[in-house]
Amino acid sequence: MIGHPKPAPRKKKPKDDIPAVKRDAVKARSGGLCEGCGVHPATEMHHRLYRGRQGSTHNVENLLHLCGWGNHTGCHGTAHSGAEGELLGWAIRSGGDPAETQVTYRGKQLYLTADGGRRSIYPSAVH
C-alpha cells in the first residue's frame, strides 16, 4: 500500500513582524507597564483590530502593550475574550478604525494616536 505523501510543513508566521519603529513607539507609550491594567509588566503586543479581521496594519494606534501570555492570560487574554475585549476597545470589529475607537487605557477612556500618544475623548472647549 502506498502511503500519502507527507504535507509540507507549515511556515510559521514571524512572531515579531511589527516594524521596530512602531514597536518602539508603543513600548515608549506603555513605559513597560500593561496599557490595560497599568499594574503588571507589559509582555505582549496586541492588535486591537485583529489581523484576521483585516487588521494587518501595524499602526501604532492599533497596538496595545498588554500583560499576559498568548491569547489566554492577563489583559491580553481579556482582549481576546469576546464581548469584554470589545467593550474595552481592546478588540475592534471588522471595518472599525482604531484611531476612532475609544480604548480603556489604565481605567480611562481615550483614543490612541499614530504618533504613540493618547488623546482625550472630550474635545477642548473653544473660547
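Our structure's up above, just so we're on the same page.
Conventions and cut-offs
Each chain carries its own residue numbering, running from 1 in the direction its sequence is written. In keeping with the model being predicted, local features are shown solely for residues with a pLDDT of at least 70 and side-chain atom pairs are shown and tallied solely at 80 or more, while totals for entire chains, interfaces and linings include all residues. Side-chain calculation: all heavy atoms of the structure are included, whereas hydrogens and water are not. In this text, helices come from DSSP runs of H or I with a minimum length of four residues, and strands from runs of E with a minimum of two, each type numbered from the N-terminal end. With a 1.4 Å probe rolled over the protein chains alone, any residue whose accessible area is under 20% of its type maximum counts as buried; one over 50% counts as exposed, and the rest are partly exposed. Note on definitions: a residue-residue contact is assigned when non-hydrogen atoms from the two residues lie within 4.5 Å. Per-residue accessibility takes into account occlusion by the displayed protein chains alone, with areas from the Shrake-Rupley method and a 1.4 Å probe. Strand pairing is assigned whenever DSSP detects at least two bridges linking the two strands. Fitted lines through C-alpha atoms serve as axes, helices being fitted only where they are in contact, and the angles separating the N-to-C directions of these axes extend from 0 to 180 degrees. Side-chain atoms alone can form a polar contact between residues adjacent in sequence; in general such a contact is a pair of N or O atoms within 3.5 Å, and within protein one must be able to donate a hydrogen while the other accepts it. Any two of the Phe, Tyr and Trp rings considered here, Trp counted by its six-membered ring, make a pair once their centres fall within 6.5 Å; the pair's planes then place it as stacked at under 30 degrees, edge-to-face at over 60, or tilted in between. Only Lys NZ and Arg CZ are tested; either one counts as a charge over a ring when it is within 6 Å of the ring centre and within 35 degrees of the ring normal. A pair is scored as a salt bridge if a Lys or Arg side-chain nitrogen falls within 4 Å of a carboxyl oxygen belonging to Asp or Glu.

**Brief notes about the overall build of the protein chain**
Reasoning step 1: What the protein chain contains, in helices and strands, is 3 helices and 5 strands.
Reasoning step 2: Along the protein chain, from the amino end to the carboxyl end, the secondary structure elements read α-β-β-α-α-β-β-β.
Reasoning step 3: Taken across its 127 residues, the protein chain has 37% of its residues classed as buried.
Reasoning step 4: When contacts within the protein chain are restricted to residue pairs at least 6 apart in sequence, those whose partners lie at least 24 apart make up 52%.
Reasoning step 5: Accessible surface for the protein chain amounts to roughly 8,300 Å². Of this, 56% is attributable to carbon and sulfur atoms.

**As for the sheet that holds strand 5 (residues 118–120)**
Reasoning step 1: Read from one edge of the open sheet, 3 strands run 3-4-5, paired in antiparallel fashion. Both edges of this open sheet fall to strand 3 (103–105) and strand 5, since each of them pairs with a single strand only. Here the average twist between neighbouring strands, direction ignored, is 60°.
Reasoning step 2: Pairing of strand 3 with strand 4 (residues 108–112) involves 3 bridges; the strand directions are antiparallel. Along strand 4, the bridge assignment pairs threonine 104 with glutamine 109.

**Details of the pairing of strand 4**
Reasoning step 1: The turn linking strand 3 back onto strand 4 is made up of 2 residues, and arginine 106 within it adopts a positive phi angle of 50°.
Reasoning step 2: As consecutive antiparallel partners, strand 4 and strand 5 are separated by 5 residues, and within that stretch glycine 116 has a phi angle of approximately 90°, a positive value.

**Some thoughts on the environment of histidine 46**
Reasoning step 1: Along the chain, histidine 46 turns up in strand 1 (residues 44–47).
Reasoning step 2: Given a relative accessible area of 1%, histidine 46 falls into the buried group.
Reasoning step 3: Along the chain, histidine 46 and histidine 65 lie 19 residues apart, while their C-alpha atoms are 6.3 Å from each other.
Reasoning step 4: Leaving out residues up to four positions away in the same chain, histidine 46 has contacts with Asn62, Leu63, Leu64, Leu66, His76, Ala79, His80 and Trp90.
Reasoning step 5: A polar contact is formed between the side chain of histidine 46 and the side chain of histidine 80, at a distance of 3.4 Å.

**Examining the side chain of histidine 65**
Reasoning step 1: Tracing the backbone through its elements, the reader meets histidine 65 in strand 2 (residues 63–66).
Reasoning step 2: One polar contact links histidine 65 to serine 30, side chain to side chain, over a distance of 2.8 Å.
Reasoning step 3: Not counting chain neighbours up to four residues away, the residues in contact with histidine 65 comprise Val26, Lys27, Ser30, Leu33, Cys34, Glu35, Ala42, Thr43, Glu44 and Met45.

**Points about the packing of aromatic side chains**
Reasoning step 1: Under the definition given, this model contains 0 aromatic pairs.
Reasoning step 2: Here the guanidinium or amino end of arginine 119 rests over the ring plane of tyrosine 111, the centre of that ring lying 4.3 Å away.

**Considerations on the pattern of salt bridges**
Reasoning step 1: Throughout the structure, instances matching the rule amount to 3 salt bridges.
Reasoning step 2: With its nearest N and O atoms 2.9 Å apart, the salt bridge here joins arginine 93 to glutamate 86.
Reasoning step 3: Assessed through its relative accessible area of 58%, arginine 93 is described here as exposed.
Reasoning step 4: Between glutamate 100 and arginine 119 there is a salt bridge whose closest N-O contact spans 3.3 Å.

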